[in-house]
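Spelled out, the chains give:
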Amino acid sequence: MTPAVSSVAGTKFEAVIGLEVHVQLLTTTKIFCSCSTQFGAVPNTNVCPVCLGMPGALPVLNRKAVEFAVLAAMALGCAIRKTSIFARKNYFYPDLPKGYQISQYDKPLAERGFIEVAAGESSATARKKIGITRVHLEEDAGKSLHEGFPDAAHKTAIDLNRTGVPLIEIVSEPDISTPDEAYEYLTRLKEIILYTGVSDCNMEEGSLRCDANVSVRPREQKELGTKAEIKNVNSFRFIREALEYEIGRQIEVVESGGKIVQETRLYNAAEGRTYSMRSKEQAHDYRYFPEPDLLPLVVNESWKAEIARALPELPEARRARMVRDYGITEYDAQVLTASKSLADRFESAAKKAKNPKRVANLVQGELMGRLKARGIEIEQSPISMEGVAASADLVEAGTISGKMLKDLYDLGFERGKDFPVVYEEEGRPQQSSDTSALEKMIDEVLNANPKQLEQYRAGKTTMIGFFVGQVMKASKGQANPQVVNELLAKKLG
Ligand SMILES: [Zn+2]
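The rules behind the values
- Residues numbered from 1 in each chain as written.
- Predicted model: local features only at pLDDT ≥ 70, side-chain atom pairs only at ≥ 80, totals over all residues.
- Heavy atoms only, no water.
- Helix = DSSP H or I, 4+ residues; strand = E, 2+ residues; numbered from the N terminus.
- Expected span 1.5 Å × (residues − 1).
- Contact = heavy atoms within 4.5 Å.
- Buried < 20%, exposed > 50% of the residue type's maximum accessible area, 1.4 Å probe, protein only.
- Polar contact = N/O pair within 3.5 Å; in protein donor to acceptor, adjacent residues only side chain to side chain.
- Donors = N, O, S within 2.8 Å, 3.2 Å for Na, K, Ca; no water.
- Pairing = 2+ DSSP bridges.
- Axes fitted to C-alpha atoms, helices over the stretch in contact; angles between N-to-C directions.

Chemist: Even after reading the chapter, I still don't get helix α5 (residues 315-326), so can you show me in this structure?
Modeler: In an α-helix, one turn spans 3.6 residues; hence positions three or four apart end up facing the same way. Compared with the 16 Å implied by 1.5 Å per residue over 12 residues, the 16 Å span of α5 between its first and last C-alpha is a close match. Summarising the contacts, the buried residues of α5 are in contact with α2 (179-196), α6 (330-336), α7 (340-352) and α8 (356-374).

This is the structure in structure tokens:
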């Protein structure tokens, strides 16, 4: 990732950014009815009177949705409110059959959390806390379809399968100052949510959606500038680009004596710019009021404690512990905790191996490159972490060389077999430390390369590397390079 050049750098302005993230919870049924939440089902098949908003149908709260929301909120450092209230958010839209969305308003489920990010403009190690104002539960609306069916050119279709799917909305404080910080906040947020397992955070399927509020103000000014809201951006990279563009645009407007109008804007990724969608005059007045069909949601201490038991070790803490336990670098830890699954696998291997640091190096240097080249995930790797641990021990003991390990990994990927299997199939190869055989090879190499030998004797001692290389080649990579080095030095000395 190349950090974008902040558009406020070198100007007398600073940007103020707040993010609203919607995350779909991985329950099998909807939040207020027992309809399936399965993605990609035939349109309008996962519906019932409750999620269609038929008169007289009553919502029943999904216990699992509450537990997932509480777990996510805890992972984000929030305080869980003992009693939270569901509220109706009233607006008319074709994909909202009830005419209101059940959400939470003045008494949300959780408040006052934070996420730590690298502080944008100061030193590399400085951290900055981005506050989380609230995490609340709500139901999703349906989806308007503008393409993919016969009349799409002049009609819009509605799919109500998504209506009533459980969401949490995570609202940040306006603590974010640069598009890079926004990008990192979102990356950390997604990582934490993935670790809790309450969502798959799949942006293509809309399981994670983000809106950004952004304004600019002169650096010395306390009062916030007028904000614009950027909606429906479907990747973190585009959010960063949209913010870059929008901050630049607002500074230009202010500097040329204009006024920022409060409005909702859409980002066009192909053009790299934002466009006005609707102004404040068209903004919704949601007329929130308490949902009369649902009781206040009470999360008491014992339920909270029960949910807290499912809270995993979070990425930040895990990285710190891994650096401590395995003697790996911060960078190693960062790469190896990219997903919980990778981190779990690495740790199980590192615990079995004699040298965990070597396992870390092999995973990053030999395994991940090969996975990437084939476009497969760690879960599909023919070489398991146990295989990595076994191979690390063989190198550690000097039984095989690094070159031999590479060849065996290649064979493992070619044959779709784990390291120990390939190692057996190849007849448990060993690097040769048999000095008499090596001495013979060295003599042959020296005889075959008189010119290089002459150069060496004339004082070009770096030639020794060439000879080592030739001997390694002659031994088909099976010679122990250290032993070859010693023997050569003796012979030439
Ligand atoms: Zn339903």
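From this point, the discussion proceeds with the structure in view.
Chemist: Where do I start with helix α1 (residues 63-75) in this structure?
Modeler: Here α1 is 13 residues long and its end C-alpha atoms lie 19 Å apart, about the 18 Å a rise of 1.5 Å per residue gives. Most of α1 sits inside the fold, with 11 of its 13 residues counted as buried. Here α1 has its buried residues at Ala65, Val66, Glu67, Phe68, Ala69, Val70, Leu71, Ala72, Ala73, Met74 and Ala75. Structurally, the start of α1 carries an N-cap: the backbone nitrogen of Lys64 is 2.9 Å from a side-chain oxygen of Asn62.

Chemist: Whenever I open this one, the coordination of the zinc ion confuses me. Can you help?
Modeler: Tetrahedral coordination by four donors puts the ideal angle at the metal at 109.5 degrees, and octahedral coordination by six puts it at 90 or 180 degrees. With distances of 2.3 Å, the protein atoms coordinating the zinc ion are Cys33 (SG), Cys35 (SG), Cys48 (SG) and Cys51 (SG). Coordination of the zinc ion draws on donor residues from a single chain, spaced C-x1-C-x12-C-x2-C in sequence. Residue classification places Cys33 among the buried positions, given a relative accessible area of 13%. Taking the relative accessible area as the measure of exposure, Cys35 reaches 9% and is therefore buried.

Chemist: What's the story with the sheet that holds strand β13 (residues 263-268) in this structure? I'm lost.
Modeler: Two pairing modes exist for strands in a sheet, parallel and antiparallel, and in both the strands are linked by backbone hydrogen bonds. Strands sit in the order β2-β6-β7-β10-β1-β11-β12-β13-β14 across an open sheet of nine strands; the sheet is mixed. Sheet topology places β2 (79-80) and β14 (273-279) at the edges, where each strand pairs with a single neighbour. Where strand β12 (residues 228-233) meets β13, four bridges bridge the pair, whose relative direction is parallel. Across the sheet, residue Glu229 finds its bridge partner in β13, namely Thr264. Docked against the sheet, helix α3 (residues 236-255) engages β1 (13-24), β11 (208-218), β12, β13 and β14, running at close to 25° with respect to β11.

Chemist: Which parts of the structure should I look at to understand the sheet that holds strand β4 (residues 86-90)?
Modeler: What the three strands build is an open sheet, ordered β5-β4-β15; its pairing is antiparallel. The sheet is open, and its two borders are formed by β5 (100-104) and β15 (289-290), each paired with just one other strand. Bridge count between β4 and β5: five bridges; the pairing is antiparallel. If you follow Ala87 over to β5, its bridge partner there is Ser103.

Chemist: Sorry, what's going on with the environment of Val233 here?
Modeler: When you line up the elements, Val233 lands in strand β12. Separated by 139 residues in sequence, Val233 and Lys372 have C-alpha atoms that sit 27 Å apart. Excluding anything up to four places from it in sequence, Val233 contacts Met203, Cys210, Phe238, Ile239 and Tyr267.

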